[in-house]
Amino acid sequence: MSGPSNRRRAGSLSEEPPPADATLTAGAAPPLDPGRILWLNNTLQILSTVAWYVVAPFIPLYLAAQGAPAGVIGAIIGFSGVVPLLIALHAGALVDERGSALVTQAAVILYAVAGVMLTALHAVWAAAAAYALMGIANIGWAVASQAVVAAASTPATRVRNYGYYSLWNSAGAVVGPVIGGFVTGHFGYRTAFALVWVLMIPSLPIAGRLPGASAAPLRAVSLAMAHRLVHTILRERGVGAVLFISFIVVCAQTLQQTFYPLYLSTVGLSPTLIGIVIAAISLGSMVVRSLLSRGVDRFGYAGLLNGATALLAVTLGITPLLRQFWPLVAVSALMGASLGFTQPLTMSLMVESVAAELCGVALGIRQGVQRLGAILSPMAFGVVTAAFRIEWAFFLGSATLLGAVPIIASVTGHLGSPSRPGHALLPASNSSSGAPSRSD
């Protein structure tokens, strides 16, 4: 095994306890309790996810209402991920070097600016630019928040904490599209989009309380070294498999996010009902993420990843055969269940595969691969939709996932090995939910 993993293993077997929060310098205020940090981080997840889902499911519909054809809509969604793709690695390095608070605060500001643009400017180019800004902010927010969970966890609690982190994320994703659909249906798109900057008002002070807010952190990784570390991280055992799974799943997820609202509109659902159907995806994710740790104990990483990928393929394949509200809600819940397993599992596996001081960069690489999939997927499926019908995009996505299942099965056998422990940057939290411990 290469150098970083050996350093991680040596650190985890040392008799000395892990250092206190490495994102704080000497003389800074004492670090917050890990449970408190997870509470703040998960609260930000709900706020940011609600803000995202108030906009994201309805951007394709909004662009279509402005006269943009399906191919243009797919291109806008795809190209909105180009800049996040380019900065993903540096966002991770910035988290490693400067701490999560700085990156999260910048993300809050970008979200607010995008919300103002969507509210004030009524044009296709403005919507495209605002959506791109939200994509940039989202990449930094994702890396920073996932690094917070990694730092506040031990190897024994990491999967559970990522499961609850993703659970809170799903909670916001349930509320967001329902609110967005209701407000859009009754007051219009621009009123719904205004909720983005409103939600960022309480988010900014919360972000300032994350580790690294009070002083410049001391890190082993600098922003200038980011590109040099890519090869080192990619050589780590298991990293390639995690990145492949992340890419395949995000291609299918972006297909769902981009064209599912359009399909629901073609079958005659109102914006309010579309919001409920989209929320069912997140509700399905919430249910399984609360059971993530038990699922890993029973089926292992490989079993869950293979089963979730196969389930996602089936749900995409049968979606074009359904046209009624309740069957679409049911298949959306199953679709969400599959996504509910894959995302937190690949987060945890990525953190496990590298040294703790490279966590931010590694998560940035994962986000970059996901952004690549988010760029290519809507462009490719947009061409299919324009050339044939929107139903064929779902059939093709299903076939692609089914073809990837045997490959995923062949590369996941060694993932999640208990002989490869990591170590935490913060004292271990006894709160499995990411909130302070409670008597119940």
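Since this is a predicted model, take the numbers as computed values, not measurements.

Visitor: Explain a nonpolar patch on the surface to me, please; I cannot follow it from the model alone.
Guide: A cluster of nonpolar residues, V314, I318, L321, F388, W392 and F395, forms a patch on the protein surface that exposes about 610 Å² of accessible area. The residue V314 is located in helix α13 (residues 292–318) in this model. For V314, a relative accessible area of 45% gives the class partly exposed.

Visitor: Just checking my understanding: could you explain the environment of W125 for this structure?
Guide: Relative to the helices and strands, W125 resides in helix α7 (residues 124–151). The class of W125 is exposed, set by a relative accessible area of 59%. Expressed as a C-alpha distance, the spacing of W125 and L63, which sit 62 residues apart in the sequence, is 9.6 Å.

Visitor: How should the nonpolar core be read in this particular structure?
Guide: Nonpolar side chains in soluble globular proteins tend to be buried together. Ranked by size, the top nonpolar core spans 62 residues in total, and within it I233, Y260 and L264 carry the most contacts. Put simply, the parts of the chain that give this core at least two residues each are α5 (82–98), α10 (226–234), α11 (239–266), α12 (271–289), α13, α14 (325–352), α15 (359–387) and α16 (390–411). Looking at which element gives the most residues to this core, the answer is α11, with 13 residues. Formed by 40 residues, the second largest nonpolar core is a distinct cluster that contains V50, A51, Y53 and Y62.

Visitor: What is the right way to read the packing of helix α8 (residues 158–187) against α13 from this model?
Guide: Describing two packed helices takes the angle between their axes plus the distance from one axis to the other. α13 packs onto α8 with a crossing angle of 125° between their chain directions and a minimal axis gap of 9 Å. In this view, α8 runs oblique relative to α13, as classed from their interaxial angle. Regarding α8 and α13, the two cross each other, and that crossing is right-handed. Facing α8, whose interface residues are V159, R160 and G163, α13 presents L292, S293, V296 and Y301. Tallied by class, residues from the contact of α8 with α13 come to 4 nonpolar, 2 polar and 1 charged.

Visitor: Help me understand α12 in this model?
Guide: In this model α12 runs 27 Å from its N-terminal to its C-terminal C-alpha over 19 residues, within 8% of the 27 Å that 1.5 Å per residue would give. Of the positions making up α12, those classed as buried are I274, G275, V277, I278, A279, A280, I281, S282, G284, S285, V288 and R289. Those residues of α12 that are buried are in contact with α3 (59–65), α8, α11, α13 and α14.

Visitor: Looking at this structure, how should I read the pattern of salt bridges?
Guide: Note on pairing: side chains with opposite charge can pair once their charged atoms come close. This model, assessed by the stated rule, comprises 1 salt bridge. The partner of R389 in a salt bridge is E391, and the shortest N-O contact between them spans 3.8 Å.

What counts and what doesn't
Residues numbered from 1 in each chain as written. Predicted model: local features only at pLDDT ≥ 70, side-chain atom pairs only at ≥ 80, totals over all residues. Heavy atoms only, no water. Patch = residues over 30% accessible without salt bridge, like charges linked within 9 Å, V, L, I, M, F, W, Y side chains within 5 Å. Areas by Shrake-Rupley, 256 points an atom, 1.4 Å probe, with all protein chains shown as cover. Salt bridge = Lys/Arg side-chain N within 4 Å of Asp/Glu carboxyl O. Helix = DSSP H or I, 4+ residues; strand = E, 2+ residues; numbered from the N terminus. Buried < 20%, exposed > 50% of the residue type's maximum accessible area, 1.4 Å probe, protein only. Core = buried A, V, L, I, M, F, W, Y, C linked by side-chain atoms within 4.5 Å. Axes fitted to C-alpha atoms, helices over the stretch in contact; angles between N-to-C directions. Parallel < 35°, antiparallel > 145°, perpendicular 65-115°, else oblique. Left-handed = near helix turned anticlockwise from the far one by under 90°. Contact = heavy atoms within 4.5 Å. Nonpolar A, V, L, I, M, F, W, Y, C, P; charged D, E, K, R; others polar. Expected span 1.5 Å × (residues − 1).

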